[in-house]
2 protein chains.
Amino acid sequence: MRTETKQLTTRTIDIHSHIYPEPYLELLERRQEIPRIINRDGNREFQIFMQENSSQPTKGRPMGPEYWDIEEKIAFMDKFGIDRSVISLGNPWMDPFPDAAGDEAAVSINKILSGYESSTNGRLVGLGVLPTSCVEAAAETVKTITQTEGLYGAATGPIIAGKQFDDPQLDLFWKEMATYKLPLFIHPENSLPLETLGGYHQSLHFALGFPMETTIAISRLVLSGVMVRFPTLKIIVAHGGGCLPYLGGRMDSVYRAQLTVGNSLPNPPSSYLRQLYLDALVYYAPAFQAEYRLVGEEHLMFGTDHPFSIAEPEINRSTIQGELGNGEIYRKIMERNAINFFGLVDNELR
Amino acid sequence: MRTETKQLTTRTIDIHSHIYPEPYLELLERRQEIPRIINRDGNREFQIFMQENSSQPTKGRPMGPEYWDIEEKIAFMDKFGIDRSVISLGNPWMDPFPDAAGDEAAVSINKILSGYESSTNGRLVGLGVLPTSCVEAAAETVKTITQTEGLYGAATGPIIAGKQFDDPQLDLFWKEMATYKLPLFIHPENSLPLETLGGYHQSLHFALGFPMETTIAISRLVLSGVMVRFPTLKIIVAHGGGCLPYLGGRMDSVYRAQLTVGNSLPNPPSSYLRQLYLDALVYYAPAFQAEYRLVGEEHLMFGTDHPFSIAEPEINRSTIQGELGNGEIYRKIMERNAINFFGLVDNELR
């Protein structure tokens, strides 16, 4: 893989990569309820979302050092020819800690995240986490992140400060995000609380529930007019935007059919979906084509989901190459779009 | 539109079209609970699914004669250049009537549905409805439908005889369907019972909840190995398969990542998704490309969702033409695939 990458003189930037710094792991270990980490004599197990563990409430997914060890992250990147990774906390972010102590912890964690760039000679750069005690705290953190060297945006689940994206109280937060044009990486968190997603070793939660959760959250963002009120928002959505690229036409038709009931959105939903940035983490060509057709070559970025990867990075890299070849468009998706979107330093690293 | 159709000498067959015969409307009018029809002095209102009416439990969606009047159906078809429609009952089928009386009503309704072909000189052909008292009754009806002139398949929501598609008790039903190779049209019914789909005049239920419901149901069908055990099943899924064409790659990767936990499916999920037939009712090109790439030109069919249409049929016809032109592939999707799949008489009608 690395040989091929060098031939192309296209660097690979992974914009979807998670890290769980030690102090954050310890916070989760102190919890008795899901989401939490169980530490059995140094062996950690991860319990992220309620539905996942309903049949075995005392058992989690084993966690190895790939979740917290920077050396492991770099080794993964070297193995798969990834030059740089934009890393962020994963689920559940600071959502289980909506108080002053949690907000303080967020400050410490952001300090750690901001330090990776210099300690790894630029191989890793961080996205900050948002405090969850109140909207004001989240909004203030936007400015702080903007002023922090080594942080290039924020990462969040589908809830900010305990509120859905269309809650008018979040306007204070969106205003700050739009003012500073801070990139926001939106990622699913809990799958969906549906009995119909049970069984199959949680396959349905992972394969369907997560993208559906994302889809609903972003739809609320769009339909409530957040992107109309704050047109300079810079948003990138995980896992190719959930199911949004497939449902955008249906959303438009429902929107048009319901204009009579008083819809305040000035344009059809898909016109806002097209303004989003998406990762190319969709694992096969039919889906990649849909997202490519929706948002275009400037709004897609390569990602891996490490260490949660459900497949080797090559599956998505080769999908992009198979569809678009190895030329300029490929280079945009693998490298240039991330540099532009996150404002990364544009230099050689390896 | 009709002129254009004639130029192309491509007929248009609509395989996704609903009808509510009078005796069925009366059954729903007798109900006090959702799903039901409220009849206020001859003005009918339709309450299909719980979530839809939670804020106004005594109010439904107005129903006009387009729901039951065959003349209206034909007028719609003439207006939009549709030569023939494969019509079926819509939600909630016989699901609210899981008893002997309901099974008897299903027989009467199927008689009505089977009569449309001769009474409309072939413009309309019917899909039968399944009784819901027990799996045996549903299974027996498969044979009956096969032997009934004027019926070309069955239509159902995501539950058959009160059971999810992966319930082993349904094998008796799938066996009959596979033996007779009877086409089955699968359609969403209730959206998803999620608070996060609330608001926006039910936009989220219609735009997202229905396709998500479909996606979960078909995923259970696939992951449980129904299509492995009964490889001759002939299934067409409504609304372009929900979100399946976008999530197939993710389903495959989750499947491969979980092989260690004992997954009994011999091939990745998308290999079964490719065996499905889908309607082209996705309302824009990015989604059409995804379904086209997934199932190919032989497994797509034109549909309108009349009288529930959220957009004029032209939006989907022009999407297909825009992507594929007016040639042989277009003709397959508009006409040939439906004739082959349902075994329709191949003649000129208008």
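Residues numbered from 1 in each chain as written. Chains lettered and ligands numbered in written order. Predicted model: local features only at pLDDT ≥ 70, side-chain atom pairs only at ≥ 80, totals over all residues. Heavy atoms only, no water.

### Here we look at the pattern of salt bridges
Residues and elements named next belong to chain A. One pass over the full model with this rule turns up 32 salt bridges over all chains. The partner of R11 in a salt bridge is D346, with the nearest N and O atoms 2.6 Å apart. Residue R11 is located in the loop between helix 1 (2-8) and strand 1 (13-18), and its partner D346 is located in the segment after helix 13 (328-342); the two are separated by 335 residues in the primary sequence. On the accessibility criterion, D346 (42% relative accessible area) is partly exposed. (Salt bridge = Lys/Arg side-chain N within 4 Å of Asp/Glu carboxyl O. Helix = DSSP H or I, 4+ residues; strand = E, 2+ residues; numbered from the N terminus. Buried < 20%, exposed > 50% of the residue type's maximum accessible area, 1.4 Å probe, protein only.)

### Details of the environment of R40(B)
Residues and elements named next belong to chain B. Within the element layout of this structure, R40 appears in strand 2 (residues 36-40). Classification of R40 as partly exposed rests on a relative accessible area of 37%. The spacing of R40 and E22 is 18 residues in sequence and 16 Å in space, taken between C-alpha atoms. Residues contacting R40, with those up to four places away along its chain left out, are E45, T58 and K59. (Contact = heavy atoms within 4.5 Å.)

### Brief notes about the packing of aromatic side chains
All names here are of chain A. Throughout the structure, instances matching the rule amount to 28 aromatic pairs over all chains. Centre to centre, the rings of F76 and F80 are 5.3 Å apart; their planes meet at 55°, and the pair counts as tilted. By relative accessible area, which is 9% here, F80 ends up buried. Of the aromatic side chains, those joined through ring pairs into one cluster are Y20, Y24, F46, Y67 and F308. In this structure, R31 packs its charged tip against the face of F97, placed 6.0 Å from the ring centre. Against the face of W68 rests R44, its NZ or CZ located 4.7 Å from the ring centre. (Phe/Tyr/Trp six-rings, centres within 6.5 Å; stacked < 30°, edge-to-face > 60°. Lys NZ or Arg CZ within 6 Å of the ring centre and 35° of its normal.)

### Brief notes about the interface of chain B and chain A
Of the residues lining the interface, 61 residues belong to chain B; the matching set on chain A comes to 61 residues. In total, chain B and chain A occlude about 5100 Å² of area from one another, counting both sides; carbon and sulfur atoms represent 63% of this. On the chain B side of the interface with chain A, the three residues burying the most area are Y246(B), R250(B) and Y284(B), jointly 18% of the side's total. Taken together, the links from chain B to chain A amount to two salt bridges. (Buried area = accessible area lost by both parts, 1.4 Å probe.)

### With respect to the relation of the copies chain B and chain A
Rotating chain B by 180° and moving it 0.0 Å along the rotation axis overlays it on chain A with an RMSD of 0.0 Å. Both copies are brought into coincidence by an operation consistent with a two-fold rotation axis. A shared binding surface is used by both copies, with 100% of the interface residues of chain B retained as interface residues in chain A. (Least-squares fit on C-alpha atoms with pLDDT ≥ 70 in both.)

### Regarding the pairing of strand 1 (residues 13-18) of chain B
Residue and element names in this part refer to chain B. Summarising burial for strand 1: six of the six residues are buried, a large majority. Sheet analysis places strand 1 next to strand 5 (residues 84-88), joined by four bridges and oriented parallel. By the bridge assignment for strand 5, S17 is matched with I87. (Pairing = 2+ DSSP bridges.)

### Let's talk about the sheet that holds strand 2 (residues 36-40) of chain A
Residues and elements named next belong to chain A. Sheet architecture is open: three strands sit in the order 2-3-4, paired in antiparallel fashion. Whereas interior strands pair on both sides, the edge strands pair on one side only; in this sheet they are strand 2 and strand 4 (61-63). Pairwise comparison of adjacent strand axes, ignoring direction, gives a mean angle of 35° for this sheet. The pairing of strand 2 with strand 3 (residues 43-47) spans five bridges and is classified as antiparallel. Counterpart to N39 in the pairing with strand 3 is R44. (Axes fitted to C-alpha atoms, helices over the stretch in contact; angles between N-to-C directions.)

### Regarding the environment of E33(A)
Residue and element names in this part refer to chain A. Inspection of the secondary structure assignment puts E33 in the loop between helix 2 (22-29) and strand 2. On the basis of relative accessible area, E33 is assigned to the exposed category, the value being 55%. Along the backbone, E33 and P96 are 63 residues apart, and their C-alpha atoms lie at a distance of 9.5 Å.

### Brief notes about helix 2 of chain A
Residues and elements named next belong to chain A. For helix 2, the complete set of buried residues consists of Y24, L25, L27 and L28. Viewed along the axis of helix 2, the buried residues span an arc of 155°, placing them on a single side of the element. Residues of helix 2 that are buried make contact with strand 2, strand 3, strand 4 and helix 4 (100-119). (Arc of directions from axis to C-beta.)

### Notes on the sheet that holds strand 6 (residues 124-129) of chain A
All names here are of chain A. With parallel pairing, the eight strands of this open sheet are ordered in space as 1-5-6-7-10-11-12-13. Across the chains shown, the open sheet's two edge strands, defined by having one partner strand only, are strand 1 and strand 13 (300-301). The sheet contact formed by strand 10 (residues 183-186) and strand 11 (residues 234-237) spans four bridges and is parallel. Of the residues in strand 11, the one forming a bridge with F185 is I236. Sitting on the sheet, helix 4 is in contact with strand 5 (84-88), strand 6 and strand 7 (151-156), with an inclination near 165° to strand 6.

### Things to note about the packing of helix 11 (residues 285-295) of chain A against helix 12 (residues 314-324) of chain A
Residue and element names in this part refer to chain A. At their nearest, the axes of helix 11 and helix 12 sit 10 Å apart, and the two run at 65° to each other. With respect to each other, helix 11 and helix 12 are oriented roughly perpendicular. The interaxial crossing formed by helix 11 with helix 12 has right-handed handedness. Two secondary-structure elements touch here, helix 11 through A285, F288, Q289 and Y292 and helix 12 through T319, I320, E323 and L324. A class-by-class count of the residues in the contact of helix 11 with helix 12 yields five nonpolar, two polar and one charged. (Parallel < 35°, antiparallel > 145°, perpendicular 65-115°, else oblique. Left-handed = near helix turned anticlockwise from the far one by under 90°. Nonpolar A, V, L, I, M, F, W, Y, C, P; charged D, E, K, R; others polar.)

### Topic: the confidence of the model for chain A
Residue and element names in this part refer to chain A. Averaged over all residues, the pLDDT of chain A is 93; the fraction at 70 or higher stands at 93%. Note that residues 1-8 has pLDDT below 50 and, in this model, 14 contacts with residues that lie over four places away or in other chains. Complex prediction metrics read pTM 0.95 and ipTM 0.95. (pLDDT = per-residue confidence, 0-100.)

### Describing the nonpolar core
With 236 residues, the main nonpolar core has F173(A), W174(A), F342(A), F173(B), W174(B) and F342(B) as its most contacted residues. Contact partners of W174(B), with chain neighbours within four places excluded, come to I160(B), F165(B), L184(B), L221(B), V226(B), F230(B) and L233(B). (Core = buried A, V, L, I, M, F, W, Y, C linked by side-chain atoms within 4.5 Å.)

### Points about the side chain of T214(A)
Among the secondary structure elements, T214(A) is positioned in helix 7 (residues 203-223). According to the relative accessible area criterion, T214(A) is buried, its value standing at 2%.

### Here we look at unusual backbone geometry
The omega torsion across H306(A) and P307(A) is 0°, close enough to zero to call that bond cis. Unusually for a residue other than glycine, K181(B) sits at a positive phi of about 50°. Turning to its location among the elements, K181(B) is positioned in the loop between helix 6 (171-180) and strand 10 (183-186). Judged by relative accessible area, which is 44%, K181(B) ranks as partly exposed. In this structure, S191(B) is a non-glycine residue whose phi angle is positive, near 55°. Its location among the elements puts S191(B) in the loop between strand 10 and helix 7 (203-223).

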